[in-house]
Amino acid sequence: MVTPIRRFAPLFLLALLPNARAEVKLNPLFSDGAVLQRDREIPVWGTAADGEKVTVDFLGQSATTTASNGTWKVRLQPISAGGPYEMKVHGENEITVKDLLVGEVWVCSGQSNMQFPLAGASTGQQEIPKADYPQIRLFQATRKTAVEPQTEIGGAWAACTPETAKGFSAVAYFFGRDVYKALNVPVGLIHSSWGGTPAQAWTSAEALGKEASLRGYVQEAKRNEAAYPAALAAYPAKLAAYEEKLRVWKEKNDPKPDAVPGEPKKRAAKPKNAPRPPRPPDAPEGSPRSATVLYNGMIAPLIPYAMRGVIWYQGEGNAGLAKQYRTLFPTMIADWRGRWQQGDFPFLYVQLAPFGKQPPEIREAQLLTLKTSPNTAMTITADIGDLKNIHPKRKEKVGERLALAARALAYGEKIEFSGPIYKDMRVEGDTVLIRFDHAAGGLKAEGGQLAGFTLAGPAGKFLPAQAEIRNGEVAVFADGVRSPAAVRYSWGTYDGNLYNAEGLPASPFRSDVD
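These numbers were taken from a predicted model, which means no experiment stands behind them.

Criteria and thresholds
Residues numbered from 1 in each chain as written. Predicted model: local features only at pLDDT ≥ 70, side-chain atom pairs only at ≥ 80, totals over all residues. Heavy atoms only, no water. 1 Å grid on protein atoms, 1.4 Å probe; cavity = no way out; pocket = protein on both sides within 12 Å on 5 of 7 lines; lining within 4 Å. Points joined across faces, edges and corners; volume = space filled by probe spheres on them. Nonpolar A, V, L, I, M, F, W, Y, C, P; charged D, E, K, R; others polar. Core = buried A, V, L, I, M, F, W, Y, C linked by side-chain atoms within 4.5 Å. Buried < 20%, exposed > 50% of the residue type's maximum accessible area, 1.4 Å probe, protein only. Helix = DSSP H or I, 4+ residues; strand = E, 2+ residues; numbered from the N terminus. Pairing = 2+ DSSP bridges. Axes fitted to C-alpha atoms, helices over the stretch in contact; angles between N-to-C directions. Parallel < 35°, antiparallel > 145°, perpendicular 65-115°, else oblique. Left-handed = near helix turned anticlockwise from the far one by under 90°. Contact = heavy atoms within 4.5 Å.

Caption draft 1: Spatial organisation of empty space enclosed by the protein. This model, assessed by the stated rule, comprises three cavities of 30 Å³ or more. The calculated volume of the largest cavity comes to roughly 60 Å³. As for the largest cavity, its lining consists of Asn-113, Tyr-313, Glu-316, Leu-352, Ala-353, Pro-354, Phe-355, Gln-358, Asn-389, Ile-390 and Pro-392. Grouping the constituent residues of the lining of the largest cavity by class yields seven nonpolar, three polar and one charged. Computed from the structure, the second largest cavity encloses a volume of approximately 50 Å³. Met-378, Thr-379, Ile-380, Arg-401, Phe-417, Ser-418, Gly-419, Leu-504 and Pro-505 together form the lining of the second largest cavity.

Caption draft 2: Structural view of the nonpolar core. Membership of the largest hydrophobic core comes to 133 residues, with the highest contact counts inside it found for Trp-72, Trp-336 and Phe-453. The element contributing the most residues to this core is strand E8 (residues 94–110), with nine residues.

Caption draft 3: Just the sheet that holds strand E22 (residues 486–489), in detail. Overall, antiparallel pairing links the four strands, which are arranged E19-E18-E22-E24 in an open sheet. This sheet does not close on itself; its edge strands, each paired only once, are strand E19 (462–464) and strand E24 (509–510). Here E22 pairs with E24 via two bridges, running antiparallel. Across the sheet, the residue bridging to Arg-488 is Arg-510, located in E24.

Caption draft 4: Representation of the sheet that holds strand E21 (residues 473–477) in the model. In space, the four strands of this open sheet follow the order E15-E16-E21-E20, with antiparallel pairing throughout. Two strands close off the open sheet at either side, each with one partner strand: strand E15 (421–428) and strand E20 (466–470). Put simply, the sheet's adjacent strands are angled 25° from each other on average, direction ignored. As judged from the seven bridges shared by E15 and strand E16 (residues 431–437), these two strands associate in the antiparallel manner. Looking at the pairing, Arg-426 lines up with Leu-433 of E16.

Caption draft 5: Fine view of the packing of helix H9 (residues 322–340) against helix H10 (residues 361–372). H10 packs onto H9 with a crossing angle of 40° between their chain directions and a minimal axis gap of 8 Å. When the axis of H9 is compared with that of H10, the two are oblique. The chirality of how H9 crosses H10 is right-handed. From H9, Ala-322, Tyr-325, Arg-326, Phe-329, Pro-330 and Ile-333 reach across to H10, where they touch Glu-361, Ile-362, Glu-364, Ala-365, Gln-366, Leu-368, Thr-369 and Thr-372. Classifying every residue of the contact of H9 with H10 by side-chain character gives eight nonpolar, three polar and three charged.

In structure tokens:
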């Protein structure tokens, strides 16, 4: 007689084998409510047991592959905009993904000004009740650091409603809204950003290693990776200590008054000059400001999801090394493009608005990127910043201007999408004459006389200058400067008022770039 244990032993042993009968799974990006990129080959991928055949059926297409090293991937032929549709994936099991749309997909990334929620925008409270767009879908990526490139990212697709939009990126929302209105096709927005982070955190180690001036970041990444096992072991104790400090801080600085029967509960006023709450420990994978960790954790898992392009709002985290950013930022753009293998897709970014003592060189580095990185556009925000707030609230204008750039670069509309960009200058006597790109329709001064220009002679001393528009150019001259050598506009003064005929502001610049 066979005992029950012996009878079930083979099944028990089979269950212990890794991936013995592993279910076919889709990458989380392919979930109910997703938007797939139209008119472009669509990679679809996931995990399964080695040797398992996987078939993807979608809109009459059927693609089959065999899993290897625990993963599989197929490619679907381009599809026109439409939906909702269903996708079926067959292996040892079957998966049905519902409510899929086909349209335009954009990745939205950067630091805190991209992360800034719709609810906090200057027009957010008026916009939230109107944010009911069933054909705009929002994917909020889970924030994650990693010492090695990841294959999956947390998050889920959701239809754009007042409830889902209010906590979503304001810039991404306004951008997506305007692209949707212009094209009338579904729009998918993948939001993957993290406040306070520098560009090297969003760049792969391989890309950083190709540039001599950036190789220090590779060494940083290697040290971080080597320290990971010890950091992982120490993390529970650090987390427990933090939680205890937070508990004590709350008791001392965030008191809750005793409830009075029949009266609503009220929070006591916080003491003046109360200490800040304790800061949580960095994850074992390292600080989000560390080199490569956000590329590994929040960009690599998105690749190679088919998309149209990227919008990017970042730079504050690199303001102290603005000259290096001239190399770092184009390196990051080229890195993403090379890994997505979708050519030089449109990369649209926001030039930082003036803030406090932030150096103007970081805006210059962003301006220079237009020359070093093809198929890019820069949205200028010099007129909608806040000198006292690094997070200006006028996000609707930012999103609108990014959408103009998308309509021009990605969709071929013959529209102006940028404010005037410095092209060149020539000297005639004691006057500098400046030409601008993105000024074919003409130039204008908002609010009266042109302002914000300074002029220097051979000695390099800049003096306030007068400026006027002459035949589509700007003429600049100044008392005390007889032989002009260089001109600057809104360079650390933030009082410029030069626009093109379409109402878009000119970028700050200097002719004497070092």
